[in-house]
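These are the residues of each chain, in order.
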Amino acid sequence: MTRIGFGYDVHKLIEGRTLILGGVEIPFEKGLLGHSDADVLLHAICDALLGAAALGDIGKHFPDTDIRFKGISSIELLKQVGSLLNHNGFGIGNIDSTLVLEQPKIMTYINQMQKNIANALEISENQISIKATTNEGMGFIGVGEGAVAYAVTIITSLG
């Protein structure tokens, strides 16, 4: 059986935080605000995978009220989501994602993001697509106040 999942995440950009996207630390004067490292890309991917498997969402498994997840790397959360999928008999077909932010430009970091995600989920890099776009200066993203990520995934039952 094939299943499709969709994920979305948004975080505010603020000074005094490190910007981490796809598990990559990106030099920039602002970072994303959140309980964990606030990696919007990985959070959207986690939600897409969990949703496809009907296992809830990232907040159910890693609540922001739990001190164990304070400052945690979202790569670690993604690894746990991958383990949950494996434990429930699912394999990942592919992941397609889009990051939306005005600055910084991230094209040069996409290959490393794909490697990080592939390693965390124990899948091939060619199963992961990451695209980036801006919001053309419109809305909170357009004025540099935040970042958004969308992800879609296909998983299959291994049983």
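In this text the structure is predicted, and so the values were computed from the model without any measurement. (Residues numbered from 1 in each chain as written. Predicted model: local features only at pLDDT ≥ 70, side-chain atom pairs only at ≥ 80, totals over all residues. Heavy atoms only, no water.)

Details of the overall build of the protein chain
Going by this rule: Counting from the N terminus, the helices are the DSSP runs of H or I reaching at least four residues and the strands are the DSSP runs of E reaching at least two. The globule rule used for comparison is 2.2 Å times the number of residues to the exponent 0.38, while the radius of gyration itself is calculated over C-alpha atoms. Using a 1.4 Å probe on the protein chains alone, a residue whose accessible area is under 20% of its type maximum counts as buried, one over 50% counts as exposed, and one in between counts as partly exposed. Two residues form a contact once any of their heavy atoms are found within 4.5 Å.
Per the secondary structure count, the protein chain includes 5 helices and 7 strands. For the protein chain, the N- to C-terminal ordering of α and β elements is β-β-β-β-α-α-α-β-α-β-α-β. By the compact-globule yardstick of 15 Å for 159 residues, the protein chain fits well, its C-alpha radius of gyration being 15 Å. With the C-alpha coordinates of the protein chain rotated into their principal frame, the extents come out at 45 × 35 × 25 Å. Among the 159 residues that make up the protein chain, the fraction classed as buried is 48%. In the protein chain, the proportion of contacts linking residues at least 24 apart, taken out of those at least 6 apart, comes to 71%.

A closer look at the sheet that holds strand β1 (residues 2-15)
In sheet architecture, strand pairing relies on hydrogen bonds along the backbone and comes in two forms, parallel and antiparallel. To be explicit about the condition: Two strands are counted as paired when DSSP detects at least two bridges linking them. Geometry is summarised by axes, namely lines fitted to C-alpha atoms with helices restricted to the contacting stretch, and by angles between N-to-C directions that run from 0 to 180 degrees.
In space, the 5 strands of this open sheet follow the order β4-β1-β7-β5-β6, with mixed pairing throughout. Looking at strand neighbours, the two that pair on one side only are β4 (30-32) and β6 (128-133), the edges of this open sheet. Strand after strand, the sheet turns through a mean of 20 degrees between neighbouring axes, direction not considered. Packed onto the sheet, helix α1 (residues 40-52) meets β1, β4, β5 (90-100), β6 and β7 (146-157) and runs at close to 155 degrees relative to β1. Sitting on the sheet, helix α4 (residues 110-121) touches β5 and β6, and the angle it makes with β6 is about 145 degrees.

Side note on a nonpolar patch on the surface
Let me state the cut-off plainly: In this analysis, a patch consists of residues with relative accessible area above 30% that form no salt bridge, clustered at 9 Å for like charges and at 5 Å for the nonpolar side chains Val, Leu, Ile, Met, Phe, Trp and Tyr. The accessible surface values rely on the Shrake-Rupley method and a 1.4 Å probe; as for residues, cover is taken only from the protein chains in view. A carboxyl oxygen of Asp or Glu within 4 Å of a side-chain nitrogen of Lys or Arg is what we treat as a salt bridge.
A contiguous nonpolar surface patch, about 720 Å² in accessible area, is contributed by Ile-4, Phe-6, Tyr-8, Val-10, Phe-140, Tyr-150, Val-152 and Ile-154. Those elements that provide at least two residues to the nonpolar patch are β1 and β7. Considering each element in turn, the nonpolar patch owes the most residues, 4 residues, to β1. If you trace the backbone, Phe-140 turns up in helix α5 (residues 139-142).

Concerning the nonpolar core
Heads up, the condition is: In this description, a nonpolar core means a group of buried Ala, Val, Leu, Ile, Met, Phe, Trp, Tyr and Cys residues linked to one another through side-chain atoms lying within 4.5 Å.
Ranked by size, the top nonpolar core spans 47 residues in total, and within it Leu-21 and Ile-117 carry the most contacts. Contacts of Ile-117, omitting those with residues within four sequence positions, involve Leu-41, Leu-42, Ile-45, Leu-78, Ile-95, Ile-128 and Ile-130.

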